[in-house]
Amino acid sequence: MKKIFIFYILAVALITVILSWGVVMAEGDPDMDPALSALPEHPPIPTDNPSGKNIYPSKMDKKQELGYLLYFDPKLSGDGSISCADCHDPKMGWGFSDPISRGYPGTVHWRNSQTVINTGYLNKIFWEGGTTSLEAQAPAAAEGAVAGNGSRDMMESRLRFSPEYVKRFKEVYGSEWPLIEDAYGAIAAYERYLSQPNTPVDKYMKGDKNAMSAKAVKGMVLFKGKANCAECHNGPMFTDEKFYDIGVPDPSEFFENGIQQVTFRYQHYAKGSTEDVYRSHKSDPGIYFKQKRQEDKGKFRTAPLRYSKYTAPYMHNGTMFTLEEVIDFYDKGGGEDRWGNKTKIMKPLNLTKDEKEALKEFLLTLSGEEIRMPVPKVPDYAPMADWQPKK
Amino acid sequence: MKKRIISVSVIIAAMLFVFISPLMAAEFPDIGPLPERKAPNPKAVELGKALFFDARLSGDAALSCATCHNSEMGFTTRDPLSEAYPGSKHWRNAPTLLNIVYKGKTYGWDGRLDDLDDMLRDMITDSMNMNMDMQLMQERLKQDPKIVALTKEGYGDKNMGTSQKGEMTHYVARNALIQFLETLTSKNVPFDKGNLSAKAKEGMALFKGKAGCIQCHNGSYFSDIKPHNTGVPENPEVFKDPQRHFTYVAYMMFMGVDNRMNWRRDVGYYTISKDMKDIGKFITPTLRELKYTAPYMHNGMFKTLDEVIEFYNKGGGEDRPGLKDSAMKPLNLNSSEKEALKEFLLSLSGDPISIPMPKGVKVEYQAIPNWKGVKN
């Protein structure tokens, strides 16, 4: 009897502790949600790719500067015509303004290009969340057939024939010749530099109550409460980095555009869909590609909401052009349950016009000033100093 | 009187032929006319021809097979060094595709590829050639109703890499290209028809005898398909132009060649064997259709046949001790002999083969109507 009593006391204490940590459990909630919070002053720096903790707009360190050049250098693509910045363009919120990203020349991508800003804070990258570091994202993009279509051998060789790169790689890495892995590392370091931890919402959460308008504060209450956005968009990056089907509609591009249909089938073929799926599917099945499980069809990683002021259009296929459209979509309880996998979290919200506006006002506090950096002059090629042929 | 001189010279030529040629030719497969080949399926050929000219077979749709293997130029180009995929430049001469189906093995100047299907796969996927993803290529081709229809006609009874008969796949695409290559064979070759001038006959005797060409250029394909170092000088453009040089370095990386930043020569067959004695060896090229395939050698260093003959007459070029083929010795040919040899070499070329680009080749894609309603 006494033992049971002690157990009860402990259980109550535990629950109290959990609640006091700010962990919120909504009604019918399958999991415990981390609270919304301010971003740390700089993203975590991996021990195997050290760089400065400085972020935009302070001065870059040598590795970040090297990454800055490489980010804008079309040498890192198949035909030397596009760089990272072509699909992740500073003028387009460091993403791409078409619903579907432009892709490699002669092709088109099949998903929306996401912003680079604050990606240093993410653990899961890409819409399928299958990449866990910026160091791994860079090669996936530079080498994918409908993205950069570059080969490692060719790109590495190109860098070796730019004396300025040879000098800079030596300074940063101490290597005799540039290595492609180091190029990807430098790009990742540069992308960590592109962080924005001091937005109005960050200031507000750190105690500056004037950083957000009353309307935005009302929006935040809705975000966490009635609109239930924080069920998935939580933590400092406003994403739980989990996977959900919310019923985003198919983009019209797939119906109207031949080259888009080519890429759609290619993704199925290259990612190893079963023949039945390859032949019958017309919608993007998202993380199905990872393990080919029926219950994963239509699920995508929750998108981070930071910097979204500049990253329209929205969703994995860019089908929504404005934040208003996005809010309306959620207000209706999301889209069609195409696969039988749509999350139960999606329910009509019955938001008033006023509430929708407040929600939008809050969403805009997740972005600071627009980050712009000029296109640098990228290093030229030169013959080797001792180029003369010899037998 | 004149007649007598001719007949005497013919007799002398015949005697030379009888006495000298057995010394050489006996050790090597004799030269001779090309054997007949089974005619390919004309529908498959039509598909292959369409693909040959289709730039959608390259990554950024900038070039087709015909860009570097131009039918107006003997299925090669006039440039000493070939064109390459944008963003790179080639470091070797584009070899002709004429009669390539007779070769049967060891494709490429360094003999990297043993099978025509592999050769095509690499030309399409190599980053310096067409830089194409095979799976993406397949889906591009499936988007073109004309290609889909041609595939049904040519491969209606076959399923290659698919469960569906008559469906376009990258296997079908390469097979159709091979069927098209089957049609790129010599026509009306004077040598094959036994229609040689007296001078050409004299040249043939030299070819088999004093000049010793037959030691490597033998069989009906006029090649032993083996690697040899003849000491061809390096083409300085390969190293002077950083784009060519880095393309070559990228290739060496791909092939796992050591010391790749320091080579200032084309190492040739060493790329494959990694044996130092193979440095500078290249696979003997065919001599057929050479009338149309100048410039010559793996790096296009010789513009004319006269230059080539002069090169061999001097005993070839320079190389480090032990690398050059011991068969390369000064030939002491006089100018009349050189001309005879050239006359014979020219008799190995037939009618020019020109294949106009088929109509309707394009790089755009039509949308499939009723996309949701039809199967992929």
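Along each chain, residues carry numbers from 1 onward, in the same order as the chain's sequence is written. Each chain takes a letter, starting from A, and each ligand takes a number, starting from 1, following the order in which they are written. With pLDDT at 70 or above as the cut-off, local features in this predicted model cover only qualifying residues; side-chain atom pairs require 80 or more to be listed or tallied, and sums for whole chains, interfaces and linings still use all residues.

1. Describing the overall build of chain A
Here comes step 1: The helix and strand tally for chain A stands at 15 helices and two strands.
Here comes step 2: Our radius of gyration is a C-alpha quantity, and the globule rule it is checked against amounts to 2.2 Å times the number of residues to the power 0.38. For 391 residues, the compact-globule formula gives about 21 Å, and the C-alpha radius of gyration of chain A, at 23 Å, lands near that figure.
Here comes step 3: The dimensions of chain A, computed from C-alpha atoms along their principal axes, are 90 × 50 × 50 Å.
Here comes step 4: Burial in this document is a count-based property: other C-beta atoms within 10 Å of a residue's C-beta are tallied, and the residue is buried at 20 or more, exposed at 12 or fewer, or partly exposed in between, with C-beta positions derived from the backbone. Looking at chain A as a whole, 47% of its 391 residues qualify as buried.
Here comes step 5: Contacts are defined on C-beta atoms placed from the backbone: any two residues whose C-beta positions lie within 7 Å are in contact. Considering only contacts within chain A whose residues lie at least 6 apart along the sequence, 69% involve residues at least 24 apart. Labels follow the DSSP assignment, with helices taken as runs of H or I lasting at least four residues and strands as runs of E lasting at least two, numbered in each case from the N terminus.

2. Some details on the overall build of chain B
Here comes step 1: Helix and strand content of chain B: 13 helices and two strands.
Here comes step 2: Its C-alpha atoms give chain B a radius of gyration of 23 Å, within 12% of the compact-globule value 21 Å for 376 residues.
Here comes step 3: On the principal axes, the C-alpha backbone points of chain B span a range of 85 × 50 × 30 Å.
Here comes step 4: Here chain B holds 376 residues, and 45% of them are scored as buried.
Here comes step 5: Here the contacts in chain B between residues at least 6 apart in sequence split such that 71% fall between residues at least 24 apart.

3. Some remarks on the packing of helix 11 (residues 258–270) of chain A against helix 5 (residues 134–142) of chain B
How two helices sit against one another is set out by the angle between their axes and by the gap between those axes.
Here comes step 1: Axis lines are fitted to C-alpha atoms, over the contacting stretch for helices. Their N-to-C directions set the angle, which ranges from 0 to 180 degrees. With their axes 9 Å apart at the nearest point, helix 11 of chain A and helix 5 of chain B run at an angle of 140° to one another. On the basis of the axis angle, helix 11 of chain A is oblique to helix 5 of chain B. As helix 11 of chain A runs across helix 5 of chain B, the sense of the crossing is right-handed. When helix 11 of chain A is examined against helix 5 of chain B, the residues V262(A), R265(A), Y266(A), Y269(A) and A270(A) are found in contact with a partner set consisting of Q135(B), L136(B), E139(B), R140(B) and K142(B).
Here comes step 2: Looking at the contact of helix 11 of chain A with helix 5 of chain B residue by residue, the classes come out as five nonpolar, one polar and four charged. What sets the label is the angle itself: under 35 degrees gives roughly parallel, over 145 gives roughly antiparallel, 65 to 115 gives roughly perpendicular, and the rest give oblique. Crossing handedness is defined as follows: a turn of the near helix away from the far one that is anticlockwise and smaller than a right angle gives a left-handed crossing, while the clockwise case is right-handed. Only Asp, Glu, Lys and Arg are considered charged in this grouping, and only Ala, Val, Leu, Ile, Met, Phe, Trp, Tyr, Cys and Pro are considered nonpolar; every other residue, Gly among them, is considered polar.

4. Re the interface of chain A and chain B
Here comes step 1: Every contact between the two is made by 44 residues of chain A and, on the other side, 45 residues of chain B.
Here comes step 2: Those elements giving two or more residues to the side of chain A that touches chain B turn out to be helix 5 (152–160), helix 10 (253–256), helix 11 and helix 12 (275–280) of chain A.
Here comes step 3: If one sorts the elements of the side of chain A that touches chain B by residue count, helix 11 of chain A sits on top with eight residues.
Here comes step 4: The class makeup of the residues in the side of chain A that touches chain B is 20 nonpolar, twelve polar and twelve charged.

5. Focus: the environment of G144(A)
Here comes step 1: Tracing the backbone shows G144(A) in the loop between helix 4 (134–143) and helix 5.
Here comes step 2: C-alpha separation for the pair G144(A) and Y104(A), spaced 40 residues apart in sequence, amounts to 8.9 Å.

6. Examining helix 2 (residues 42–52) of chain B
Here comes step 1: Of all eleven residues making up helix 2 of chain B, eight are buried, and the element is well covered by its neighbours.
Here comes step 2: Looking at helix 2 of chain B, one finds that the buried residues are A44(B), V45(B), L47(B), G48(B), K49(B), A50(B), L51(B) and F52(B).

7. So, the environment of G350(B)
Residue and element names in this part refer to chain B.
Here comes step 1: Note on placement: G350 falls in the segment after helix 13 (335–346).
Here comes step 2: Accessibility expressed as a C-beta count within 10 Å gives 22 for G350, which makes it buried.
Here comes step 3: Taking C-alpha positions, G350 is 29 Å from G315, a pair spaced 35 residues apart along the chain.
Here comes step 4: With residues near it in sequence (within four places) discarded, G350 still touches S186, K187, N188 and V189.

8. Here's the deal with the packing of helix 8 (residues 198–208) of chain B against helix 13 of chain B
Residues and elements named next belong to chain B.
Here comes step 1: Relative to each other, helix 8 and helix 13 sit at 100°, their axes nearing to 7 Å. Classified by the angle between their axes, helix 8 and helix 13 sit roughly perpendicular to one another. Facing K199, A200, E202, G203, M204, L206 and F207 of helix 8, the residues of helix 13 in contact are E337, A340, L341, K342, E343 and F344.
Here comes step 2: Class assignment of the residues belonging to the contact of helix 8 with helix 13 gives a composition of seven nonpolar, one polar and five charged.

9. Some remarks on the confidence of the model for chain A
Here comes step 1: Averaged over chain A, the pLDDT score is 94; the fraction of residues at 70 or greater is 92%.
Here comes step 2: The score called pLDDT rates the predictor's confidence residue by residue, from a low of 0 to a high of 100. In this model residues 16–28 of chain A is a low-confidence stretch, pLDDT under 50, and it forms 13 contacts with partners more than four residues away in sequence or in other chains.

10. Brief notes about the environment of G272(A)
Here comes step 1: The topology assignment puts G272(A) in the loop between helix 11 and helix 12.
Here comes step 2: It is 9.3 Å that separates the C-alpha atoms of G272(A) and K290(A), two residues lying 18 residues apart in sequence.

11. Here's the deal with unusual backbone geometry
Residue and element names in this part refer to chain A.
Here comes step 1: Here the amide bond leading from Y56 into P57 is cis, since omega sits at 5°, within 30 degrees of zero.
Here comes step 2: Mapped onto the fold, P57 is located in the loop between helix 1 (2–20) and helix 2 (62–71).
Here comes step 3: Looking along the chain, the bond that leaves A312 and enters P313 is cis, with omega of -5°.
Here comes step 4: With respect to the helices and strands, P313 occurs in the loop between strand 2 (300–301) and helix 14 (323–331).
Here comes step 5: Phi is positive for F238, which is not a glycine, with a value near 55°.
Here comes step 6: As for its position among the elements, F238 is in the loop between helix 9 (214–224) and strand 1 (243–244).

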